[in-house]
Amino acid sequence: MSRLKTVGKLLFFIGIPMIPLAVFWFFPMFVSIWLSFTNWDYISPTFDYVGVENYTTTLTSADFYQALWNTALFAVMTIIPTIIIGLLLALLLRKGLKGETWFRAFLFSPWITPMVAMSIVWTWIYEPDVGLMNQVLGWFHLPQPDWLTDSDTAIWAIIIVTVWKNAGWAMLFYSDALSKIPNDLYEVSHLEGASGLQRIKTVVLPLVSPTTLFLAIVSAINAIQAYDQIQVMTQGGPSGSTRTLLYLYYQMAFEQFQMGQATALATIIVVFTMLLSLIMFYASKRWVHY
Amino acid sequence: MAKIRMVDLSKQYDNQDRKTIDRFNLNIEEQEFVVIVGPSGCGKSTMLRMLAGLESISDGELWMNDKVVNDIPPKDRDIALVFQNYALYPHLSVFDNIAFGLKIRKTPKDQIKKQVEKTADILGLTDYLKHKPKSLSGGQKQRVALGRAIVRNANIFLMDEPLSNLDAKLRTHMREEIMQLHRRLKATTIYVTHDQTEAMTMASKIVILKDGYIQQIGTPKEVYNQPKNIFVAGFIGAPTINFLPGKLSNEEIKLLDGTVVGGVQQPLFHEGDVIIGVRPENMSLTSEQKGIPMSVRFTEMMGADMFVHGEVQGEKWKIRVNPDEDICVGETIYIQLDANKLHVFDPHTEESLYPHKELV
């Protein structure tokens, strides 16, 4: 009897929080997986089952591979600089400079500013003739690309904005991780005569590695889900050069109304995200020290 | 082997008015085991960190062998430092923790292996070389920290309260191990602690520090038997020494009521008020007619000894007695002081009235 009571209690306490999760997450997910086997066009009341056709079409289309490449490039090129710049800023600010708090707040401010607003400002900065970016490049006699309208540079423009936004956020996590390293450990390496670089390699990097893993996974998921900056700055163009998987999904679903194919793509994105997280998690066993 | 000489060594932090260390003078001979002891905040750790090169020296000269090392970086000072909190790298195995300094110094791999294995053997860590610090006990961690110091064959060992984080039993055990290690390696050792027991049991020379000033330098026996001032007398010895105001006249030590309790050990030519100091073991129980009355507040049974705490003329006193004595709380007992073991201090300067030879 008491056992039954315990089970009842458990179900009650776990069940209630599960309701919103089930309604707004599990249910839509299953519906979208189910939709990925249909040819629903988002508007008509009718649809047919098409089997795995949506998946085969997606996996054989050139657009998909272009978007996959863009996503991979975007992810790698935002994660690595975000982590490096974040750590360097945190190391710099650890020295206790004057006005450090202000500097920290200043660096962190991009993270709390809405991406849409920032993207609009950055469109002005990237304006080829009068934008700030090319003005500055001009002073140093560097090439002044067309940024958002050139298919070679558009993705880099978006990467720069994203890194600029994320670096302050990464810095905050690293600052916390660095503050938890006992001073003794630096002193030991100082006594043994380790150089600054050796100290970073032998003390700092291993001891902040859990933070690095966390930032890498979250940044990877953010990169896969990047949408605002692309929507405001390039809408996936020019000629698909900034179209990531998620943006391709958006275009398929809400511009071309191919809901079946779009949900198939969404399912593929979810599987990718899971695989990526798993790989990072297992790979991390080699270099993350808790 | 290494000699150390500190000449008027001072340390003043920018944000403080008072010097943390003020004109510290000390000579340390080869192979000596010197313990710097004092209450927290007396500057003893700062002193050690100055020796290590982790703190800059504000004033004075620090000599190691025949060189002034004030501006020599820590790695070139031939020292090894053992920290209170072990300071082990959590991500490295015991082997790599011990090998850390050698690796930084780019020692050849086979030599590292040889030296680490030898060190692990000395410290009984051979079976743990592959373990990470978090799977070790406190004593083992401290041994790894010692290993990191030993492996480099440094000639000077600096130890900053290395046993403070261990429980009482382990502390006694590690104390012994450190002493054995010192006998074996013969490195000049400077050991900082707030624990007078560690100082008394380990040191060949004790330096007692208070508020950045040296109070007394001497062997354990000297600082115990001939404390230079009231602070040293009270700091060294457990349970602590008892004090009572008294008088000195005609080279006789008297209580305020005129009772003669002893004579001076050498002529002092001093008349007037003094503070009498007497250790708990330099007293005995006696009959009502001959003794000073003491009202008993509580007793501590230690097994081999019993300590009786009580009040004598308004001062809190402790006395060591035979554990077989039957003494009850609230009772009045009568005590007699060992006439030849009394300390007398000037009540104003708090210095001992007995002259001291100055050890530096």
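Within every chain, residues take consecutive numbers counted from 1 along the sequence as written. Think of it this way: whatever chain is written first is A, whatever ligand is written first is 1, and the rest follow in order. Reporting of local features is limited, given that this is a predicted model, to residues whose pLDDT is at least 70; pairs of side-chain atoms are given and counted only at 80 or more, and all residues count toward the totals for whole chains, interfaces and linings. By convention in this description, side-chain values take in all heavy atoms of the structure and omit both hydrogens and water.

Caption draft 1: Structural context of the overall build of chain B. Looking only at helices and strands, chain B has eight helices and 20 strands in total. Taken over the C-alpha atoms alone, chain B extends approximately 80 × 45 × 35 Å along its principal axes. Three exposure classes are used, based on accessible area relative to the maximum for each residue type with a 1.4 Å probe and protein chains only: buried under 20%, partly exposed in between, and exposed over 50%. Each of the 360 residues in chain B was classed as buried or not, and the buried ones make up 51%. Note on definitions: a residue-residue contact is assigned when non-hydrogen atoms from the two residues lie within 4.5 Å. Intrachain contacts of chain B at a sequence separation of at least 6 include 65% that bridge at least 24 residues. Approximately 16,900 Å² of chain B is accessible, and the part contributed by carbon and sulfur atoms is 46%. Put simply, DSSP H or I for four residues or longer makes a helix, DSSP E for two residues or longer makes a strand, and each gets a number counted from the N terminus. Each accessible area is a Shrake-Rupley result for a 1.4 Å probe, and residues are judged covered by the shown protein chains and nothing else.

Caption draft 2: Spatial organisation of the sheet that holds strand S6 (residues 79-82) of chain B. Residues and elements named next belong to chain B. Any two strands with at least two DSSP bridges between them are considered paired. Pairing is mixed in the open sheet, where six strands are placed in the order S6-S7-S8-S3-S9-S10. The open sheet has two edge strands, S6 and strand S10 (213-218), and neither has a second partner. Within the sheet, the average angular offset between the axes of one strand and its neighbour, ignoring direction, is 15°. A fitted line through C-alpha atoms serves as each axis, taken over the contacting stretch for helices, and the angle formed by two N-to-C directions is quoted from 0 to 180°. Where helix H5 (residues 168-185) meets the sheet, it contacts strand S3 (33-37), strand S7 (156-160) and strand S8 (188-193), and its direction lies at approximately 140° from that of S3.

Caption draft 3: Structural view of the domain arrangement of chain B. All names here are of chain B. In this document the domain limits rely on a domain assignment from an automatic tool or a database. For chain B, the assigned domains are domain 1 (4-231) and domain 2 (239-345). Domain 1 and domain 2 are separated by 39 Å when their C-alpha centres are compared. Listed as interface residues are six residues of domain 1 and, on the opposing side, six residues of domain 2. Buried area between domain 1 and domain 2, summed over both chains or domains, comes out near 530 Å², and the portion from carbon and sulfur atoms is 64%. Salt bridges are counted wherever a side-chain nitrogen of Lys or Arg sits within 4 Å of a carboxyl oxygen of Asp or Glu. At the boundary of domain 1 with domain 2, the tally comes to zero salt bridges. Polar contacts, as counted here, are pairs of nitrogen or oxygen atoms within 3.5 Å of one another; within protein the pair requires one atom able to donate a hydrogen and one able to accept it, and residues that are adjacent in sequence qualify only if both atoms are side-chain atoms. Counting the contacts that link domain 1 with domain 2 gives two residue pairs in polar contact (both at pLDDT 80 or more). For the side of domain 1 that touches domain 2, the element with the highest residue contribution is helix H7 (residues 220-225), accounting for three residues. Broken down by class, the residue content of the side of domain 1 that touches domain 2 amounts to four nonpolar, two polar and no charged. The buried area of a pairing is the accessible area, by a 1.4 Å probe, that goes missing from both parts when the two are put together, added over both. Three classes are used, and their members are as follows: Ala, Val, Leu, Ile, Met, Phe, Trp, Tyr, Cys and Pro are nonpolar, Asp, Glu, Lys and Arg are charged, and the others, Gly among them, are polar.

Caption draft 4: Summary view of the packing of aromatic side chains. All names here are of chain A. When the centres of two rings from Phe, Tyr and Trp lie within 6.5 Å, Trp using its six-membered ring, the rings pair. Their planes under 30 degrees apart give stacked, over 60 give edge-to-face, and anything left gives tilted. One pass over the full model with this rule turns up 25 aromatic pairs over all chains. An angle of 70° between the planes, with centres 6.0 Å apart, marks the rings of Trp-40 and Tyr-42 as edge-to-face. Looking at Trp-40, the relative accessible area reads 22%, which means it is partly exposed. For Tyr-42, a relative accessible area of 36% puts it in the partly exposed group.

Caption draft 5: Expanded view of unusual backbone geometry. Of note, the amide linkage connecting B:Ala238 to B:Pro239 takes the cis form, showing an omega dihedral of -5°. Mapped onto the fold, B:Pro239 is located in the loop between helix H8 (230-235) and strand S11 (242-249). Phi at A:Trp147 is positive, roughly 45°, even though this residue is not glycine. When you line up the elements, A:Trp147 lands in the loop between helix H6 (132-139) and helix H7 (154-179). One non-glycine residue, B:Ala87, lies in the positive phi region at around 55°. Within the secondary structure layout, B:Ala87 lies in the loop between S6 and helix H2 (94-104).

Caption draft 6: Summary view of the nonpolar core. B:Ile4, B:Met6, B:Phe24, B:Leu51, B:Leu62 and B:Leu158 are the most contacted members of the largest nonpolar core, which has 74 residues in total. Formed by 46 residues, the second largest nonpolar core is a distinct cluster that contains B:Val35, B:Leu146, B:Ala199 and B:Phe231. In this text, buried Ala, Val, Leu, Ile, Met, Phe, Trp, Tyr and Cys residues form a nonpolar core when linked through side-chain atoms within 4.5 Å.

Caption draft 7: The arrangement of the UniProt feature "domain: ABC transporter" (unreviewed entry) in chain B in detail. UniProt positions are given in the numbering used here, feature names are shortened, and annotations may be inferred rather than shown by experiment. Listed under "domain: ABC transporter" (unreviewed entry) in the UniProt record, and renumbered for this structure, are residues 4-236 of chain B. The annotated region residues 4-236 of chain B carries 36% helix and 24% strand content, and the separation between its end C-alpha atoms amounts to 25 Å.

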